[in-house]
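Coordinates in review
Spelled out from the first residue to the last, the chains are:
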Amino acid sequence: WADAPGVDQVVICSPDKDLMQMVRGDRIVSLDRRRGITFDEDGVREKFGIPPASIADYLALVGDAADGIPGVPRWGAKSAAAVLARYGHLEDIPERSEVWDVSVRGAKTMATNLAGNREAAALYKELTTLRLDVHIAEDLADLEWNGVNRPQYEALCKELGFEALLYLPHRWVGD
């Protein structure tokens, strides 16, 4: 719905690195609410050293412990970012480090490890690539945030003993 009439911006509220691949310019951004940081496309490049389109490749190479992706041995964040900044996707990284036109420490070992783990790396990339072809039955209006139902929220807080959270919401249904 990023291109739907009336939609100015899509904000993905999550610190999950996987979701950074969804960022497009400043139209689709990722918000890490805990740290209060919003990542647009330039922010993703600054944080990871690569564009959002290379995030799945990056996670396939360096791994993602939160999702059980081990990555390719000896591929660290800085080296992977440097190589992907040049080649874009792991499929486009030449087999032999001698032909790489990017300088990274341990390139020969990295190339050898990638060559021996290409099939696994391809699987890791598939697992970290978000699907964009899944049908969503709801329409945009069904997903609009209208606020918190005050009576239900207050009753739940009282039932669970979370009275300190009673005034946390900033938007109530009908306000």
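See above for the structure.
These remarks concern the structure in this document. Model, not experiment: these values are computed from the prediction.

Before going further, it helps to spend a moment on unusual backbone geometry. The phi torsion at Arg 74 lies on the positive side, around 70 degrees, for a residue other than glycine. Its place among the elements puts Arg 74 in the loop between helix H2 (55-62) and helix H3 (77-87). Note on Arg 74: relative accessible area 63%, which makes it exposed.

Here the structure, examined in full by the defined rule, presents three aromatic pairs. Relative to Tyr 58, the ring of Phe 48 lies with its centre 5.5 Å away and its plane at 70 degrees, an arrangement referred to as edge-to-face. Of the two residues, Phe 48 is situated in helix H1 (residues 41-48) and Tyr 58 in helix H2; the sequence distance between them amounts to 10 residues. For Phe 48, a relative accessible area of 8% translates into the label buried. For the pair Trp 75 and Trp 100, a centre-to-centre distance of 6.0 Å together with 55 degrees between the ring planes defines the contact as tilted. Of the two residues, Trp 75 sits in the loop between H2 and H3 while Trp 100 sits in the loop between H3 and helix H4 (107-116), which places them 25 residues apart along the sequence. According to the relative accessible area criterion, Trp 75 is buried, its value standing at 4%.

Reading the values: the criteria
- Residues numbered from 1 in each chain as written.
- Predicted model: local features only at pLDDT ≥ 70, side-chain atom pairs only at ≥ 80, totals over all residues.
- Heavy atoms only, no water.
- Helix = DSSP H or I, 4+ residues; strand = E, 2+ residues; numbered from the N terminus.
- Buried < 20%, exposed > 50% of the residue type's maximum accessible area, 1.4 Å probe, protein only.
- Phe/Tyr/Trp six-rings, centres within 6.5 Å; stacked < 30°, edge-to-face > 60°.

It is worth stressing that arrangement in space is one thing and function is another; only the former is reported here.
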